[in-house]
Amino acid sequence: MRDWQPFLGLPLWFWLFVIPTLFALICLFYPSKAKRLMHRIWPVMDRVYLAFGILSAIFMVIILLLIVGQMVARWTNTVFPGGTEFAGYAMACTSFFALAFALTQGSHIRVSIFLNMNGFLKFWLDAFAMLVSAWTATYFARYAVKTNFLSEVLNDRTQGLDQVPEWLLSLFAMTGQWPWEWGATWSNTTSELVYTPVWLPQIAMSIGTILLAIAIWDHLFRLLAYRETRIFREAIE
Amino acid sequence: MTELYAIIIFLFALFLLLGSSVWVGLALMGVAWVGMELFTTRPAGDAMITTIWTGASSWTLTALPLFIWMGEILFRTRLSQDMFRGLSPWMRFLPGGLLHTNIAGCTIFAAVSGSSAATLNMVGKMSIPELRSRGYPEYMIIGTLAGAATLGLMIPPSLTLIVYGVTINESITKLFMAGVFPGLVLAGLFMAYIVVWHFFGTGDRPQKEPSMPFSKMIKESLFLVPVMGLVCVVIGSMYLGFATATEAAAVGVVGALILSAVQGSLNWSTFSVSLMGATKTSAMIALILMGAAFLSLSMGFTGLPRAMAELIESYNLSPVALIAVLTVFYLILGMFMDGLSSVVLTMAIVEPMIRTAGIDLIWFGIFLVVVIETAQVTPPIGFNLFVLQGMTKHEIGYIAKTAIPMVGLMLLMVVILVIFPELATWLPENIRQRN
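Residues numbered from 1 in each chain as written. Chains lettered and ligands numbered in written order. Predicted model: local features only at pLDDT ≥ 70, side-chain atom pairs only at ≥ 80, totals over all residues. Heavy atoms only, no water.

Undergrad: Would you mind showing me how to read the overall build of chain A here?
TA: Regarding its fold elements, chain A presents eight helices and four strands. Across chain A, helices and strands are ordered from the amino to the carboxyl terminus as β-β-α-α-α-α-α-β-α-α-β-α. Counting all 237 residues of chain A, 46% fall into the buried class. Contacts in chain A between residues far apart in sequence, at least 24 positions, make up 80% of those at least 6 positions apart. Roughly 12400 Å² of accessible area belongs to chain A as shown, and the carbon and sulfur atoms make up 69% of that amount. Seen as two clouds, the 16 positive and the 14 negative side-chain charges of chain A have centres 15 Å apart. (Helix = DSSP H or I, 4+ residues; strand = E, 2+ residues; numbered from the N terminus. Buried < 20%, exposed > 50% of the residue type's maximum accessible area, 1.4 Å probe, protein only. Contact = heavy atoms within 4.5 Å. Areas by Shrake-Rupley, 256 points an atom, 1.4 Å probe, with all protein chains shown as cover. Lys, Arg positive; Asp, Glu negative; His and termini not counted. Charge placed at Lys NZ, Arg CZ, Asp CG, Glu CD.)

In structure tokens form, the structure reads like this:
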């Protein structure tokens, strides 16, 4: 547990794992109160998941364009430096951004043999599975974010030939800075291309995994409050 | 001794998490975490993310969403219906009649789609009502369909083979090529079964199809041309070395989009539904792959795979015996989980074994697909059975019974693969490499 620095006086794991679990217990014992508290938030959350699903779809189109671009470049004997790396980043973006969306649509695979045995198991086993999944996903997200920050601190650069304009980095760097630091950042920004720092594409991993963790917690709360799962899947994929 | 503990703890955690219906990808991560915390001093979380990031941002993997998308486009637009229409005139004269459209339809749709559920869904949607109205016996309609749909994973593109290739670092193009002949042989076996049933069956074969003027046959079969052309371009470009698997997938998507646009069935709704469907499926597979990447890292630290490989080696099993054992193992595993999950779950352990035994990994991929697909039509958990149940409203048990002859044929296919390994290895050895 040495890896969990304190945050607002309590260790980080308390905030990430214990507090949501306590809230899940509230949903279990006071379902009507939980529903009243959350029923305005849930539609908003659904839209957020959908929005990231759409973002992920856009990145899938980008993969297609990058690969077609690479082929065209080869046929015309021009070079497309870093095309493979960019396609890889786009791949990571599609995968991570859609994790939560796929979850809410019931697309992720699970072994449902015991789940469908009877009504008791359907509720309690699902609740247990979601709680374990939520812990795992939270752990995943926590380390994804940590790695993301570490890549930035270590100034980890790509191993390939892919370059991005420096202003793009400054744009994303702004989100992690105080407004009074923005001026300094931009004054140091040249109009040149720089080798892609790993933290830039890793933002997709951080956002995607955080969203996945939130989505699982969210659906655990819904399950406990409604006493039945709110994940509905298409009849046949 | 440590290995024994490792096995017990891994298996216990695995069964607990998977059995309690934790999503497969997250369950694998959980098991891997347990392994890392117990058997190594390395920080589990950091190692986990490094592995997952490397895997998730790899270029090889991009073939996956693109092939899924291509299948989705064909599935959501009218292209596949047309393909079916073009197919039936040529099947009506064969003994067994239109039942052959089940097999041929699945074979062709398998060549544009990487999943057996999609193949089953697509072909079944069109052939079941048609065959029923012509009075073909129900058990033959459903049985042949359940069997033939498994071709979806054999004939390239195949999602399972992509996942297998990414997991063990083998060329996806080679794996795809390896699937071509075994897939066709399996389709041939199914068709032969229909013919045998026709001549020696219990006599409930339907009346002969009415004849069709030749000009109409030609006209109808023109509907086959677009999809067949797409299949040829996608597989041909890989075979001739013009394109890697990923590029062939991109060509496939663009081709499918153009064809459906020309045909007039591409609109905003079919486009967006196919794109979102592909997004979901590829995220699902990505999560499993992330879990599997971490699990194999964790298992590597425990030394379990090497120990298992040495153990198997010390038994002095012949490759054939090893394959027989693995067949039974995967059939049992496939009773409880889907094909993709059983591949990623076991590869960390099985790969060293196979390498030590000197078995060709490309060949093994094809073997794996046949066995896993067999498991998909055996109860209690068989994904193809579920899809068929949703479509026909029959009991799982009934569908499984109708599929028994097909299961037999697929096991025969495993034997054929063992006797004639060239079936799978010849084509990949003879593709032109791009220079």
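Undergrad: Sorry, what's going on with a nonpolar patch on the surface here?
TA: All names here are of chain A. Together, Leu22, Leu25, Ile26, Phe29 and Tyr30 line one region of the surface with nonpolar side chains, adding up to about 510 Å² of accessible area. Tracing the sequence through the fold places Phe29 in helix H1 (residues 12-29). Note on Phe29: relative accessible area 58%, which makes it exposed. (Patch = residues over 30% accessible without salt bridge, like charges linked within 9 Å, V, L, I, M, F, W, Y side chains within 5 Å. Salt bridge = Lys/Arg side-chain N within 4 Å of Asp/Glu carboxyl O.)

Undergrad: Before we go on, may I ask you to explain the packing of aromatic side chains in this structure?
TA: Each pair of aromatic rings is reported with the distance of its centres and the angle of its planes. All names here are of chain A. Applying the stated criterion across every chain, the model contains 19 aromatic pairs over all chains. Chaining the aromatic ring pairs together yields one cluster made of Phe23, Trp217 and Phe221. Positioned above the aromatic ring of Tyr143 is the side chain of Arg142, whose terminal nitrogen or guanidinium carbon lies 4.8 Å from the ring centre. The lysine or arginine in question, Arg230, covers the ring of Tyr226, its NZ or CZ lying 4.0 Å from the ring centre. (Phe/Tyr/Trp six-rings, centres within 6.5 Å; stacked < 30°, edge-to-face > 60°. Lys NZ or Arg CZ within 6 Å of the ring centre and 35° of its normal.)

Undergrad: In this structure, what is going on with the interface of chain B and chain A? I would like to understand it.
TA: It is common to give the size of an interface as the accessible area that goes away when the parts come together. On the chain A side, the residues contacting the 60 residues of chain B number 61 residues. Both faces considered, chain B and chain A share a buried interface measuring about 5300 Å² in area, 76% of it formed by carbon and sulfur atoms. Summed over the three residues of chain B that lose the most area to chain A, namely Trp23(B), Trp53(B) and Lys280(B), the buried surface amounts to 17% of that side. In this assembly, chain B and chain A are joined by two salt bridges. Across the salt bridge formed by Lys146(A) and Asp46(B), the nearest N and O atoms sit 3.3 Å from each other. Counting across the chain B and chain A interface gives seven residue pairs in polar contact (both at pLDDT 80 or more). Contributions of two or more residues to the side of chain B that touches chain A are made by helix H1 (2-19), helix H2 (24-39), helix H3 (44-56), helix H4 (63-76), helix H14 (245-263), helix H15 (268-302) and helix H20 (383-392) of chain B. Per-element tally for the side of chain B that touches chain A: the top contributor is H15(B), with twelve residues. For the side of chain B that touches chain A, the per-class residue count stands at 39 nonpolar, 14 polar and seven charged. (Buried area = accessible area lost by both parts, 1.4 Å probe. Polar contact = N/O pair within 3.5 Å; in protein donor to acceptor, adjacent residues only side chain to side chain. Nonpolar A, V, L, I, M, F, W, Y, C, P; charged D, E, K, R; others polar.)

Undergrad: Would you explain the packing of H4(B) against H14(B) in this entry?
TA: Geometrically, a packed helix pair is captured by the angle between its two axes and the distance between the axes. Residues and elements named next belong to chain B. It is the contact of H4 with H14, at a shortest axis distance of 8 Å, that shows an interaxial angle of 20°. Judged by the angle between their axes, H4 and H14 are roughly parallel. In terms of crossing hand, the pair formed by H4 and H14 is left-handed. Across the interface between the two elements, Ala63, Leu66, Phe67, Trp69, Met70, Ile73 and Leu74 of H4 pack against Ala245, Thr246, Ala248, Ala249, Ala250, Gly252, Val253, Ala256, Leu257 and Ser260 of H14. (Axes fitted to C-alpha atoms, helices over the stretch in contact; angles between N-to-C directions. Parallel < 35°, antiparallel > 145°, perpendicular 65-115°, else oblique. Left-handed = near helix turned anticlockwise from the far one by under 90°.)

Undergrad: How should the confidence of the model for chain A be read in this particular structure?
TA: Reading predicted coordinates in detail is not appropriate for stretches of low pLDDT. Looking at chain A as a whole, its pLDDT mean stands at 89, while 97% of the residues score no less than 70. Within chain A, helix H8 (residues 199-226) of chain A carries the highest mean pLDDT (95), whereas strand E1 (residues 6-7) of chain A carries the lowest (79). (pLDDT = per-residue confidence, 0-100.)

Undergrad: What is the right way to read the pattern of salt bridges from this model?
TA: Side chains that differ in charge, positive against negative, can pair when their charged atoms come close. This model, assessed by the stated rule, comprises ten salt bridges over all chains. Measuring nitrogen to oxygen at the nearest pair gives 2.9 Å for the salt bridge that ties Glu247(B) to Arg74(A). Taken together, the positions of Glu247(B) in helix H14 and Arg74(A) in helix H3 (residues 41-75) put the pair across two chains. A salt bridge links Arg76(B) to Glu72(B); its shortest N-O distance comes to 2.9 Å. Separated by four residues within a single helix, Arg76(B) and Glu72(B) lie in helix H4, roughly one turn from each other.

Undergrad: Which parts of the structure should I look at to understand the side chain of Ser116(B)?
TA: Relative to the helices and strands, Ser116(B) resides in helix H7 (residues 116-133). On the basis of relative accessible area, Ser116(B) is assigned to the buried category, the value being 8%.

Undergrad: How should I be thinking about the state of the cysteines in this particular structure?
TA: In a disulfide, the sulfur atoms of two cysteines are covalently bonded to one another. All names here are of chain B. Applying the stated criterion across every chain yields a total of zero disulfides over all chains. Free cysteine Cys232: the closest other cysteine sulfur is in Cys106, separated by 19 Å. For Cys232, a relative accessible area of 51% corresponds to the exposed category. (Disulfide = S-S within 2.5 Å.)

Undergrad: Before we go on, may I ask you to explain the nonpolar core in this structure?
TA: Here is a general trend for soluble globular proteins: nonpolar side chains tend to be buried in one another's company. Grouped together as the largest cluster of nonpolar side chains are 220 residues, with contacts concentrated most on Phe96(A), Tyr330(B) and Phe364(B). Here the element with the most residues in this core is H15(B); it accounts for 14 residues. If we ignore the near neighbours within four places in the chain, the residues touching Tyr330(B) are Ser342(B), Thr346(B), Met347(B), Val350(B), Phe364(B), Leu368(B), Val371(B), Ile372(B) and Ala375(B). By size, the runner-up hydrophobic cluster in this structure holds five residues, among which are Val164(A), Leu169(A), Val194(A) and Leu200(A). (Core = buried A, V, L, I, M, F, W, Y, C linked by side-chain atoms within 4.5 Å.)

Undergrad: Honestly, the packing of helix H19 (residues 361-376) of chain B against helix H22 (residues 404-419) of chain B in this entry has me stumped. Any pointers?
TA: Residues and elements named next belong to chain B. Packing of H19 against H22 leaves a shortest axis separation of 9 Å and a crossing angle of 165°. With respect to H22, the axis of H19 lies roughly antiparallel. Handedness of the H19/H22 crossing: left-handed. For the pair H19 and H22, the contacting residues are Trp363, Ile366, Phe367, Val370, Val371, Glu373 and Thr374 in the first and Val407, Met410, Leu411, Met413, Val414, Leu417 and Val418 in the second. For the contact of H19 with H22, the per-class residue count stands at twelve nonpolar, one polar and one charged.

Undergrad: Before we go on, may I ask you to explain unusual backbone geometry in this structure?
TA: One can expect most non-glycine residues to show negative phi and most peptide bonds to be in trans. Here the amide bond leading from Pro156(B) into Pro157(B) is cis, since omega sits at -10°, within 30 degrees of zero. With respect to the helices, strands and loops of the structure, Pro157(B) is situated in the loop between helix H9 (151-154) and helix H10 (159-168). Of note, Arg227(A) is a non-glycine position whose phi angle comes to about 65°, a positive value. With a phi angle near 65°, Lys393(B) is a residue other than glycine that sits in the positive phi range. Within the fold, Lys393(B) resides in the loop between H20 and helix H21 (396-402). Residue Lys393(B) is classed as exposed on the basis of its relative accessible area, which comes to 68%.

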